[in-house]
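Understanding the architecture of this molecule
Chain by chain, the residues run as shown.
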Number of protein chains: 2
Amino acid sequence: MNNHSKVIDIKTLKVSCTDCSLSELCLPRGLNEGELEKLDNRVLRKKPIQPGDQLFGNGLPGKSLYAVRSGAFKTYELSTNGDEQILGFHLPGELIGFDALADNYHHCTATALVTSSACEIPLEQIQSLCNQLPGLQHQMMRIIGKEVNVDHEMLVLLGKKSAEERLATFFLNLSRRYQDRKLSPYEFNLPMSRMEIANYLGLTIETVSRIFTRFQKQKLIDVNRRLVHLKNIDELRSLVMEDEINRSDVS
Amino acid sequence: MNNHSKVIDIKTLKVSCTDCSLSELCLPRGLNEGELEKLDNRVLRKKPIQPGDQLFGNGLPGKSLYAVRSGAFKTYELSTNGDEQILGFHLPGELIGFDALADNYHHCTATALVTSSACEIPLEQIQSLCNQLPGLQHQMMRIIGKEVNVDHEMLVLLGKKSAEERLATFFLNLSRRYQDRKLSPYEFNLPMSRMEIANYLGLTIETVSRIFTRFQKQKLIDVNRRLVHLKNIDELRSLVMEDEINRSDVS
DNA sequence: CGTCCAGTTGAGGCAGATCAAGCGCGGTGG
DNA sequence: CCACCGCGCTTGATCTGCCTCAACTGGACG
């Protein structure tokens, strides 16, 4: 490496996996220093991506995974009548691009919600490294498994939950993910618009807005434009599990 | 191989990957004879599973993937209020159990819809074999990628489609999967109840029943109990307006 | 200080849920 | 052989949560 050169600019330093604060959430988790360096050498750092710009697009060849380094992305598919369905919002440390594993073409599109950056890791490199580093293979499996489980949670949300439950679930999910990133689980900025929240949760923008207002009246949250303050997380939690209490006692 | 022994009973023959008619849909796809044998040695064949019995259960340790050999399974998660959300129906040749990749515990439950059987492949074996057989690693990635894409299609369905579109999509999807299995794409038995169809599609049993009736009046299908006859696939397609570009799993 | 646009609020409508009754087939037993 | 039951499914009537349409608000920005 370039340890011999003491005069390295901050940018170069910041972009190595070794010094990345996200390594415990990302692919490097569980690797030792030597292994990390091997991985590091295969990772391509991409230039900052402006809001609305694509990281990858539906129908385009895809031979890499991407780790969100900063900012936030959304992935979405186009429905038959042309309008989009958002599949997920992706925060730093999260990997996206699994949709290209099947046939090396992307089946969804990823665009930046705010100015963002990402690391690109070619699939070929991942595969060959996995053969050398059992820890990496293990971590890959964990990440893929989590991806599948997250999607399944969304199916439950869309298939069974009321609008109110969806919003409460959404806030609690974001809260936990910000906490995992050493950020406040109580106060954060939404990187996405109301429109995008509604789309993601299978609702309309009006319904989302009304429930934001309702939650504020109930002192559960404060929302000011995109700044959210969760004031009563326990109550939000009980909202998600509320309905079984009401339904199961009449006998 | 055991070609030297001419006296082998049919059961033994039938259960090897070499002779399994599903191998082109399943894990063995793309492996040569020698490689196939290696895989074959690691696969455990499970006894037949009766309708309603579990292949694996939510919260239980999971250290294997399972390939459906015959019959059909459903996987489901319990929502916070206790009722189930069906995540998928699984036909012969399909792999299930990816929900345990994240932490070696299952996050959903798999039960047989009819008398079924499955092959168990321990994850450890898959991983070590993947290091020896690039073809297997490649096929694993393909299957995982397809799994992710299928889940994403379901998110679009639940987030955006009308009840009618959901049912049409459901029929077309089953039709294609039966065709892939060299069965009639026009006439087949549903392995699941109306209730399970409704649950899977985020609808009620009454709505499903009404749309079945409507489709019959429109001469799109014939349904008699669980026997379905698709009479006008093109019209069903136009109901969904779905471009089936992505499902060509023969890639 | 007007325009724009994201978001909010209100009124009314509708797709699908809920509630309730009926149907038909397979199984049981008489 | 029919009478009866149970259960999966169908059908009808009514209800409702969320959508749709439409008007309004307030901060950002030229």
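For the structure, check the block above.
What this report covers is the structure whose coordinates are included nearby. Just so you know, these numbers come straight off a predicted model, no measurement behind them.

Quick look at the nonpolar core
- Counting residues in hydrophobic clusters, the biggest one holds 97 residues, and the most contacted among them are Phe170, Phe171, Phe215 and Leu236 of chain A together with Phe170 and Phe171 of chain B.
- Those residues within four positions of Phe170 of chain A in sequence are excluded, and the remaining contacts are Phe89, Leu190, Met192, Ile197, Tyr200 and Leu201 of chain A.
- Ranked by size, the runner-up nonpolar core spans 50 residues in total, among them Leu27, Leu36, Leu136 and Met140 of chain B.

As for unusual backbone geometry
All names here are of chain B.
- In this structure, Lys219 is a non-glycine residue whose phi angle is positive, near 60°.
- Structurally, the position occupied by Lys219 is in the loop between helix 7 (205-217) and strand 10 (221-224).
- What makes Lys219 exposed here is its relative accessible area of 56%.
- Phi is positive for Arg225, close to 50°, though the residue is something other than glycine.
- In this structure, Arg225 sits in the loop between strand 10 and strand 11 (227-230).

Observations concerning the interface of chain B and chain A
- Each side of the interface is counted separately: chain B has 41 residues, and chain A has 41 residues.
- With both chains or domains summed, chain B and chain A bury close to 4200 Å², and 59% of this area falls on carbon and sulfur atoms.
- Area buried by chain B at its contact with chain A is led by Met141, Leu155 and Lys160 of chain B, which between them contribute 15% of it.
- The interface formed by chain B and chain A contains seven residue pairs in polar contact (both at pLDDT 80 or more).

Some points on the side chain of Asp40 of chain B
All names here are of chain B.
- Mapped onto the elements, Asp40 comes out in helix 2 (residues 33-42).
- Residue classification places Asp40 among the buried positions, given a relative accessible area of 14%.
- Asp40 has contacts with Ser16, Cys17, Thr18 and Arg45, leaving out every residue within four places of it along the chain.

Focus on the state of the cysteines
All names here are of chain A.
- Counted by the stated rule, this structure contains zero disulfides over all chains.
- No disulfide involves Cys17; its sulfur sits 6.3 Å from the nearest other cysteine sulfur, which is in Cys119.
- Note on Cys17: relative accessible area 10%, which makes it buried.

As for the protein's contact with DNA strand D
- What surrounds DNA strand D is a group of 15 residues, the closest being Ala163 and Thr207 of chain A together with Ser209, Arg210 and Thr213 of chain B.
- A share of 65% of the atoms of DNA strand D within 4 Å of the protein falls on sugar and phosphate groups.
- Backbone polar atom of Ala163 of chain A to a phosphate oxygen of DNA strand D: 2.8 Å apart, as the coordinates give it.
- At 2.8 Å from a phosphate oxygen of DNA strand D is found a side-chain nitrogen or oxygen belonging to Ser209 of chain B.
- Looking at the surface near DNA strand D, the elements that each hand over two or more residues are helix 7 (205-217) of chain A together with helix 7 of chain B.
- In terms of residues, the surface near DNA strand D owes the most to one element, helix 7 of chain B, which gives four residues.
- Considering only residue class, the surface near DNA strand D consists of two nonpolar, seven polar and six charged.

Focus on the sheet that holds strand 4 (residues 73-78) of chain A
Residues and elements named next belong to chain A.
- Taken in spatial order, the four strands line up as 2-7-4-5 in an open sheet, and their pairing is antiparallel. Edge strands, defined here as strands with exactly one partner in the open sheet, are strand 2 (54-56) and strand 5 (84-90). Neighbour-to-neighbour, the strand axes of this sheet turn through a mean angle of 30°, independent of strand direction.
- Running over the sheet, helix 6 (residues 194-201) touches strand 4 and strand 5 and is turned about 105° from strand 5.

What to know about the relation of the copies chain B and chain A
- If you rotate chain B by 180° and push it 0.0 Å along the axis, it lands on chain A with an RMSD of 0.1 Å. Here the copies are linked by what is in effect a two-fold axis. Within chain B, the C-alpha atom positioned nearest to the axis of rotation is that of Asn131 of chain B, 2.6 Å from it.
- Comparing interface residues between copies, 90% of those in chain B also lie at the interface in chain A; the contact surface is shared.

Considerations on the environment of Leu60 of chain A
Residues and elements named next belong to chain A.
- Here Leu60 shows up in the loop between strand 2 and strand 3 (64-70).
- The exposure class of Leu60 is partly exposed, given its relative accessible area of 45%.
- Remark: the alpha-carbon pair of Leu60 and Asn104, spanning 44 residues in sequence, is separated by 8.6 Å.
- The contacts of Leu60, once residues within four sequence positions are left out, are Gln54, Asn104, Tyr105 and His106.

Digging into helix 5 (residues 163-180) of chain A
Residues and elements named next belong to chain A.
- For helix 5, with 18 residues, the first-to-last C-alpha span of 26 Å sits near the 26 Å given by 1.5 Å per residue.
- Within the sequence span of helix 5, burial applies to Glu164, Glu165, Arg166, Leu167, Ala168, Phe170, Phe171, Leu172, Leu174, Ser175, Arg177 and Tyr178.
- Two residues or fewer past helix 5, Lys182 is found with a positive phi of approximately 65°.

Some points on the packing of helix 5 (residues 163-180) of chain B against helix 8 (residues 233-240) of chain B
Residue and element names in this part refer to chain B.
- Following both chains from N to C, one finds helix 5 and helix 8 inclined at 130°, their axes separated by 9 Å at the closest point. As far as their axial angle goes, helix 8 and helix 5 are oblique. For the element pair helix 5 and helix 8, the recorded crossing hand is left-handed. Facing Glu164, Glu165, Ala168, Thr169, Phe171, Leu172 and Ser175 of helix 5, the residues of helix 8 in contact are Ile233, Leu236, Arg237, Leu239 and Val240.

Conventions used here
For every chain, the first residue of the written sequence is number 1, and numbering continues from 1 along that sequence. Think of it this way: whatever chain is written first is A, whatever ligand is written first is 1, and the rest follow in order. With pLDDT at 70 or above as the cut-off, local features in this predicted model cover only qualifying residues; side-chain atom pairs require 80 or more to be listed or tallied, and sums for whole chains, interfaces and linings still use all residues. Remark: hydrogens and water are excluded; side-chain values derive from all non-hydrogen atoms of the structure. The definition of a nonpolar core used throughout is a set of buried Ala, Val, Leu, Ile, Met, Phe, Trp, Tyr and Cys residues joined through side-chain atoms within 4.5 Å. Whether a residue is buried, partly exposed or exposed follows from its accessible area with a 1.4 Å probe, protein chains only, as a fraction of its type maximum: under 20%, in between, or over 50%, in that order. Contact definition: two residues touch when any of their heavy atoms are within 4.5 Å. Under the scheme used here, helices are H or I runs from DSSP no shorter than 4 residues and strands are E runs no shorter than 2 residues, and both carry numbers assigned from the N terminus. Buried area is a sum: the accessible area each of two parts loses on coming together, probed at 1.4 Å, counted once for each and added. Identification of polar contacts relies on pairs of N or O atoms within 3.5 Å, with a donor-acceptor requirement for protein atoms, meaning one able to donate a hydrogen and the other able to accept it, and with residues adjacent in sequence counted only if both atoms are side-chain atoms. Note on terminology: pairs of cysteine sulfur atoms within 2.5 Å are recorded as disulfides. We call a residue near a molecule or strand whenever a single non-hydrogen atom of that residue lies within 4 Å of it. Each residue is assigned to one class: nonpolar for Ala, Val, Leu, Ile, Met, Phe, Trp, Tyr, Cys and Pro, charged for Asp, Glu, Lys and Arg, and polar for all the others, Gly among them. One bridge is not enough; two strands pair if DSSP finds at least two bridges between them. Note on geometry: axes are C-alpha line fits, over the in-contact stretch for helices, and angles between N-to-C directions span 0 to 180 degrees. Least-squares superposition of the copies uses the C-alpha atoms of those residues scoring a pLDDT of at least 70 in each of them. Between the first and last residue of a helix there are one fewer steps than residues, each counted as 1.5 Å, and that sum is the expected span. Oblique is the label for any angle not covered by the other classes, which are roughly parallel (under 35 degrees), roughly antiparallel (over 145) and roughly perpendicular (65 to 115). By definition, any crossing whose near helix is turned counterclockwise from its far helix by less than a right angle is left-handed, and any crossing with a clockwise turn is right-handed.

It is worth stressing that arrangement in space is one thing and function is another; only the former is reported here.
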